[in-house]
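Summary of the model geometry
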Amino acid sequence: MAQYDYDLFVIGGGSGGVRAARVSAGLGKRVGIAEEYRFGGTCVIRGCVPKKLFVYASQFPEHFEDAAGYGWTVQPATFDWRKLVANKDREIARLEGLYRLGVENAGGQTFQTRAVLVDRHTILLESENRTVTADQILIATGGRPNPHLALPGHEHCIFSNEAFDLPELPKAIVIAGGGYIAVEFANIFHGLGVHTTLIYRGKEILGRFDMDLRRMLHETMEKKGIRIICHEIFSAIERRADGRLDAYLQGGEVIVADQVMLALGRIPNTEDLGLENAGVERGKVGSILVDDYSRTNVGNIWAIGDVTNRVQLTPVAIHEAMCFVETAFRNNPVAPDHDCVATAVFSQPEIGTVGLSEDEAARRFHSIEVYRATFRPLRHTMSGRDERMLMKLIVDAQTRLVLGAHILGPDAGEMAQLLGISLKAGLTKDDFDRTMAVHPTAAEELVTMYKPSYLVKNGERVG
């Protein structure tokens, strides 16, 4: 039997890679993991965690306004962008240390270097100019923002990575895109007092989400003062003499801004990894092709997370890591389950959703029941804020199985996590109806919508 330096070597120190390395090392395996930038990856360093911190920061102006309705007098507030960035940096550094320490405490070895495949069992550690060998190799290098190189003037634009570390808070920003990242940053910058415009080529923001959520969020964002222009794209970005930017739209309008941000999807980090040296196959967008168990076409090389371009969410990468460990080291083959994944969009108000949208359910099922409620949250009855909440359940009329649950409003993400358990367990609408409400809460609507708002049969709305 061939002898290798490691039982497992992981390339990429993000959430998925670190979880696989730490758990495998805890099983007594000889594990090495290399990260060329910072441990924690996109989520911890330049994604979910700093984004959520910035979301919290951007919500305070509304909290200050709402306080008056509850008897509080709040002095005129001021905001220090540089202090926010510095405090964020301190927290991210703390988390990064925990990620690295978790692997090392489990018995794994960490390397701060770019790692490249030499062959199917050999890895070059570039900064150390040496090679190591491994029985099993796991690639978890994640993804990065699409640079949109075809756009004239793309070099003047920023991406989500840079948005967290701008030296100054812009007075005006234009954001291109309509997905999670674009919508969340539009709300963040607006909440921090930035004049914000969102440009999206589609007919409505947040494609693949339930249309009711998309429309209601769009309307609410515009009421707050965010300008949203759909069916539009940039034709060019030019730097002005005064340092600001002219964003030219295909329709002819020119928007002047301090920053232009591109949030036009993400692409897998697979360039110059030496995949061709090991014979690892890639797909059309550069993603690593894997089977149901995250194994590539090369038997001892695996891939998880965004680099595979399956479901680009941090918890999914972690789940795939755990399945990999079961399959590779516990003789218990487990395929990642990508069905019915709960998710949240930390817009303002936020979205929490799991399962099928109404349109998708209508395509798949002969007859569905739609339970829908919109109302003013209790917290806004005294604050005077004109903002409504949406709750929606999609039910198979024949089996009564709850197919989808969708929420727009405060704490929607927290509720989506619990709804994810209910839908994953295959609960029916009757199970929801038998559940006692917690009063007074917004979530009680989920178990008190006893009569369907309308039916959809053969794709057509009835009633």
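Described in the following lines is the structure provided in the data block. (Residues numbered from 1 in each chain as written. Predicted model: local features only at pLDDT ≥ 70, side-chain atom pairs only at ≥ 80, totals over all residues. Heavy atoms only, no water.)

What follows is about the sheet that holds strand E18 (residues 351–355). Two strands in a sheet stick together by hydrogen bonds in their backbones, pointing the same way (parallel) or opposite ways (antiparallel). Read from one edge to the other, the open sheet built from 7 strands follows the order E17-E18-E21-E20-E19-E22-E23, with strand pairing classed as antiparallel. Of all the strands in the sheet, the pair left with one neighbour each is strand E17 (343–345) and strand E23 (460–462). Across the sheet, the mean angle from the axis of one strand to that of its neighbour is 20°, orientation sign disregarded. Across 5 bridges, E18 lies against strand E21 (residues 402–408) in antiparallel orientation. For Gly352, the partnering residue across the bridge sits in E21 and is Ile407. (Pairing = 2+ DSSP bridges. Helix = DSSP H or I, 4+ residues; strand = E, 2+ residues; numbered from the N terminus. Axes fitted to C-alpha atoms, helices over the stretch in contact; angles between N-to-C directions.)

Bringing the pattern of salt bridges into the picture now. On inspection of all chains with the given rule, the structure shows 34 salt bridges. Put simply, Glu387 and Lys224 hold a salt bridge, and the shortest N to O gap is 2.9 Å. With a gap of 163 residues between them, Glu387 in the loop between helix H11 (378–383) and strand E20 (389–396) and Lys224 in helix H7 (residues 211–224) connect regions that are remote in the sequence. Here the two residues Glu387 and Lys224 agree in accessibility, since each one is buried. In this structure, Arg364 engages Glu360 in a salt bridge whose closest nitrogen and oxygen atoms are separated by 2.8 Å. Placement of the pair is Arg364 and Glu360 together in helix H10 (residues 358–364), with a separation of 4 residues, close to one helical turn. (Salt bridge = Lys/Arg side-chain N within 4 Å of Asp/Glu carboxyl O. Buried < 20%, exposed > 50% of the residue type's maximum accessible area, 1.4 Å probe, protein only.)

What follows covers the pairing of E21. Side-chain direction in a regular strand flips from residue to residue, so the side chains alternate between the two faces of the sheet. Counting buried positions along E21 gives 7 out of 7 residues, so the element sits mostly inside the fold. Pairing geometry for E20 and E21, over 6 bridges, is antiparallel. Among the inter-strand pairings, Met391 is bridged to a residue of E21, identified as Ile407. Hairpin connection between E20 and E21: a loop of 5 residues separates the two successive antiparallel strands, and Arg400 in this loop has a positive phi of roughly 70°.

A word on the packing of aromatic side chains. Using the criterion set out here, one finds 11 aromatic pairs in the structure. Aromatic side chains Phe54 and Phe164 sit 5.3 Å apart centroid to centroid with 75° between the ring planes, which places their arrangement in the edge-to-face category. Here the residue Phe54 occupies a position in helix H3 (residues 48–67), and Phe164 occupies one in the loop between helix H5 (160–163) and strand E8 (172–176), the gap between them amounting to 110 residues. Taken individually, Phe54 and Phe164 each receive the classification buried, so the pair is uniform in this respect. Of the aromatic side chains, those joined through ring pairs into one cluster are Phe54, Trp81, Phe164, Phe185 and Phe189. Over the face of the ring belonging to Tyr454 we find Arg461, whose NZ or CZ atom lies 3.7 Å from the ring centre. (Phe/Tyr/Trp six-rings, centres within 6.5 Å; stacked < 30°, edge-to-face > 60°. Lys NZ or Arg CZ within 6 Å of the ring centre and 35° of its normal.)

We now examine the environment of Ala263. With respect to the element layout, Ala263 can be found in the loop between strand E14 (259–262) and strand E15 (266–268). Here the alpha-carbon distance between Ala263 and Arg363, two residues 100 residues apart in the chain, equals 30 Å.

In a regular helix each residue adds 1.5 Å, so 16 residues correspond to 22 Å; helix H9 (residues 314–329) covers 22 Å between its end C-alpha atoms and thus fits that length. Check the buried side of H9 and you find it contacts strand E1 (6–11), helix H1 (15–26), strand E6 (130–139) and strand E16 (301–303). Immediately downstream of H9, the backbone of Asn331 shows phi near 50°, a positive value. (Expected span 1.5 Å × (residues − 1). Contact = heavy atoms within 4.5 Å.)

The next subject is a nonpolar patch on the surface. A cluster of nonpolar side chains, Tyr56, Phe60, Phe64, Tyr70, Trp72, Val74 and Met382, forms an exposed patch at the surface whose accessible area comes to about 760 Å². With 3 residues, the top contributor of residues to the nonpolar patch is H3. Judged by relative accessible area, Phe64 falls into the partly exposed class, the value being 36%. (Patch = residues over 30% accessible without salt bridge, like charges linked within 9 Å, V, L, I, M, F, W, Y side chains within 5 Å. Areas by Shrake-Rupley, 256 points an atom, 1.4 Å probe, with all protein chains shown as cover.)

Take the sheet that holds E8 next. Ordered by their spatial adjacency, 4 strands build an open sheet running E10-E9-E8-E14, and the pairing between neighbours is parallel. Either end of the sheet is taken by a strand with one partner, and the two such strands are strand E10 (227–230) and E14. Pairs of neighbouring strands in the sheet enclose a mean axial angle of 15°, with direction left out of account. In terms of strand pairing, E8 meets E14 through 4 bridges, oriented parallel.

On to the side chain of Asp7, then. Looking at the secondary structure, you find Asp7 in strand E1. At 2.7 Å, the side chain of Asp7 and the backbone nitrogen of Arg30 are in polar contact. Ignoring any residue separated from it by four or fewer positions in sequence, one finds Asp7 in contact with Lys29, Arg30, Asp135, Gln136 and Phe329. (Polar contact = N/O pair within 3.5 Å; in protein donor to acceptor, adjacent residues only side chain to side chain.)

A word on the state of the cysteines. Chemically, a disulfide is nothing more than a covalent bond linking the sulfur atoms of two cysteines. The tally for this structure, following the rule as stated, stands at 0 disulfides. Between Cys157, a free cysteine, and Cys230, which holds the nearest cysteine sulfur, the sulfur-to-sulfur gap is 19 Å. On the basis of relative accessibility, which here comes to 9%, the residue Cys157 falls in the buried class. Cys230 gets classed as buried once you look at its relative accessible area, which sits at 18%. (Disulfide = S-S within 2.5 Å.)

Let's shift gears to the environment of Val132. Topologically, Val132 is positioned in strand E6. On the basis of relative accessibility, which here comes to 2%, the residue Val132 falls in the buried class. Separated by 60 residues in the primary sequence, Val132 and Trp72 place their C-alpha atoms 63 Å from one another. Those residues in contact with Val132 that sit more than four places away from it in its chain are Asp5, Tyr6, Phe9, His121, Thr122, Ile123 and Leu125.

This next bit is on the packing of H3 against helix H6 (residues 180–191). Where H3 contacts H6, the axes come no closer than 8 Å and their chain directions differ by 40°. In terms of axis orientation, H3 runs oblique to H6. Considering how the two elements wind past one another, H3 and H6 form a crossing that is left-handed. Every residue of H6 that contacts H3 at Lys51, Phe54, Val55, Ser58 and Pro61 is listed here: Glu184, Asn187, Ile188 and Gly191. For the contact of H3 with H6, the residue count by class is 4 nonpolar, 3 polar and 2 charged. (Parallel < 35°, antiparallel > 145°, perpendicular 65-115°, else oblique. Left-handed = near helix turned anticlockwise from the far one by under 90°. Nonpolar A, V, L, I, M, F, W, Y, C, P; charged D, E, K, R; others polar.)

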